Structure formats: C-alpha cells, structure tokens
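Observations on chain architecture
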Amino acid sequence: MSRRTPTLALLALAVGAFGIGTTEFVMMGLLPDVADDLGISIPSAGHLVSAYALGVVIGAPLLAALTARMSRRKVLIGLMALFVAGNALSAFAPTYDYLLAARFLSGLPHGAFFGVGAVVATTMVAPERKARSVSLMFLGLTVANVVGVPVATAMGQQLGWRATFLGVSVIGVAAIGALALLIPQTRTEAPVAGLRGELAALRSLPVWLALGTTVAGFGALFSAYSYITPMLTDSAGYADSSVTVLLALFGVGATIGNLLGGRLADHAMRRTLFGGLVSLIVVLSAFPLLMSTTWSAALAVMLLGAAAFVTGSPLNLMVMERASTAPSLASSANQAAFNLANAGGAWVGGLALAAGFGVTSPALVGAGLAVLGLGVAGVAYVVDRRGTTPSAGRERLVASHVPSRAERVHH
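Residues numbered from 1 in each chain as written. Predicted model: local features only at pLDDT ≥ 70, side-chain atom pairs only at ≥ 80, totals over all residues. Heavy atoms only, no water.

1. Topic: the overall build of the protein
Regarding its fold elements, the protein presents 18 helices and zero strands. Per-residue burial for the protein yields a buried fraction of 55% across its 411 residues. Considering only contacts in the protein between residues 6 or more positions apart, those separated by 24 or more positions represent 85%. Total accessible area computed for the protein in this model is approximately 16600 Å², and 68% of it derives from carbon and sulfur atoms. (Helix = DSSP H or I, 4+ residues; strand = E, 2+ residues; numbered from the N terminus. Buried < 20%, exposed > 50% of the residue type's maximum accessible area, 1.4 Å probe, protein only. Contact = heavy atoms within 4.5 Å. Areas by Shrake-Rupley, 256 points an atom, 1.4 Å probe, with all protein chains shown as cover.)

2. Observations regarding the nonpolar core
If you look at the biggest cluster of nonpolar residues, it comprises 96 residues, and the most contacted ones within it are L13, L221, F287, M291 and L304. When sequence neighbours within four positions are dropped, the list of residues in contact with L304 reads L221, A224, Y225, F250, L280, V283, L284 and F287. With 17 residues, the next largest nonpolar core counts V26, L30, A93 and W161 among its residues. (Core = buried A, V, L, I, M, F, W, Y, C linked by side-chain atoms within 4.5 Å.)

3. With respect to the packing of helix α8 (residues 205–225) against helix α13 (residues 294–310)
Relative to each other, α8 and α13 sit at 160°, their axes nearing to 10 Å. By the angle between their axes, α8 is roughly antiparallel relative to α13. Here α8 runs over α13; the crossing is left-handed. Contacts from F218, L221, A224 and Y225 in α8 reach L304, A308 and F309 in α13. Per-class residue counts for the contact of α8 with α13 are seven nonpolar, no polar and no charged. (Axes fitted to C-alpha atoms, helices over the stretch in contact; angles between N-to-C directions. Parallel < 35°, antiparallel > 145°, perpendicular 65-115°, else oblique. Left-handed = near helix turned anticlockwise from the far one by under 90°. Nonpolar A, V, L, I, M, F, W, Y, C, P; charged D, E, K, R; others polar.)

Put into structure tokens, the structure is as follows:
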C-alpha cells in the first residue's frame, strides 16, 4: 500500500467524524429555534440532546456486535447511510415526537462508526503510528467544534433549524462517497473471531478498567464543560454573544490535545494517559481562579479542551489492545463509555450547582472525577504488570496465533 493511500483513507474517516461531531453538538445552539417552531418548552427540547446520547450508548455495542462478521469497510458505509437517514428524517420531522425518534436514530451509528473506524485506521499504518492514526480520524470530531458547529448553528438561525440537518445529511453523503472510494478492501475484511469471539473478549478485567478510566476521565471534562456558559458569563463577565467564539476556543484546544496525544501515545501510551489526567486535574482545580478574569477564562477554556483530549487516543488504543480479539466491539464500547461520561459528568456537576457551592463548583467536582480516573488507570497499570487476569492471557494467546483474514490476504 502506498504512503498516500492511508492518508486519504484517514481523511475519509475524518469527514465522517466531522459530520457526526457537527450533528451531535449543534442541537445545543438550536434548542430555542426548535422549541419555538414545534411549540414546546426549552426543557422538552433538551430531551432531543438526551435522545441522541441514548442512541449512541445503545447503538455502539449493539451495532458493533451485530456487524461483527461483516467487512469493516461495508460496515462503515452502512453506518454512515444510517446517519444520513437519521438526519434527513430530523430535517423533515413534522412533530416533536418524530424528531425525538429521528435524533435517537441519528445517534445509533455514532459509537460504532468511531469504534470500527479506529480499528480500520490502525490496520492501515505501521504499529508505531497506531495512536496517531486514531487521532487523525478523531480530528474530524474536534474540528467540528471549531468550524462545523458554529457554521451549522448560524445556518439554522438564518435559514431555519431544518436546513442544518439537511446540510449535515449532505456531509454524510460526501463521507459515504469518500469511504467507498478511499478505504481499501484488503485491510477491512471481517475478523475471524466473529460475534462469539468479540463478546468473549470483553470478559477481560483490563478492558473494563480502561472503560472505567474513560467514564471517570471524560466525566471530569463534562462536569465542567456542561456548565461552561454560566461560568463565562456570571464569573468571568463575558456577554452571552461572546460564548460561541469562546466555545470555538475549546475546539481549538481539543484539536491540539488530540493531535498531541496521538503523537505522544505512539512513544509512551501509558505515560501520555497519566500525563493527560494529571493535566486535567490541574486545569480543573485552577478553574475558580482562572474564571475570575476575561483573559484567563479564555485560556482556561482552551486548556480544558487540550488536557481532556490528550487522553482520547491512548484510551481508545488501550481498550483495543486489551481486547485484541474484539477490537471493534471494545472500541465501540469505549464510545458508549464516553457518552455515559457526558451524561454522568453533567449530572454530578449539576448537583454541585444545585447545592449552592457556586458557579465554578462543577469544575472542582470534575477535578475529583479526574483523580478517580487516574486511580482507575493506576489499578489497570498494576493489573497489567502482574498479568493476573486469565482472560487477558487468553487474548494475547489468541491474538498471537490467530491472524485475521485481512492479515492473511495482506501477507
């Protein structure tokens, strides 16, 4: 395979990630428009965000398991087709209930696409570039926060919220074309293990410890990020109109952290993960101070994105390596864990606000969750060093003696 082919294939995956990232986060900015158009309250419109997240949590492991015997290239194209259908149905939904169902449908392929895509990305590069390849795919997700979400939000406010979902559908169609043209078939054939092998590999304790690190680590992020707007307006003194630009800074930080984490993890995966979690603890602990002035608040938003997303690639790669006979299902489960972190972090942060601990208190709760994540990652390190998990041993044995059909074709 030429050097250019993996780059173009990763670009195709990034286009799909860009579309998914845009539709996931754009609803937050369109809630008032959707509520006015459908005659519902803002809290009811907020359930559209929850419906998407529920679709991700359910769809990630379910679709990965159901498609375990299929060519991964075909799975990616099929998942993106489901994504297009969900967004098109959202654009034409006549009532709130139909839109709720369409948002759930849109979320179903999210986790499985990133899970299978991460596996495909790592098969197209040399072993020492695996984490970097995953970070390049997730680049589409982080860039969506910088460009896709602001542009899609502005489109919805000017042309109506339905135009936004039609636009996202067009991105999905472009991604389907790119995947069909640029993803090579020889590296993406169905794995030998199948559904039974994928499910069996998830019995491993190290896999669950890695998933637990994702829930705690990214729960720390969303504990603070879910309430970043009131922090910026009530504590730092920004006007409401400035928040969109500041959230783009979060996307810039996330993009930098994602690329940096991928590069560092290829050299030292565990140390990159530990370093990212420690950085997250420091940033979140400093939030009450950083949110006291406008310039430091802007810096805090960017640092938050960078510190959190440094851990993205090493966590995803760790999950895949700990479940070496079930990488697609394990990586998809990691995306479900990410969305559980989204919901759980927002809930825990909200408890601090409701208790009257102050507008920046969710960040301190997030720092506590990051400490928990660091502790879980430490336990995982000890378990790996001792090698006491029988299922992990079976994974290594199977991985070393049962090459995939794609590998046999390639060699």
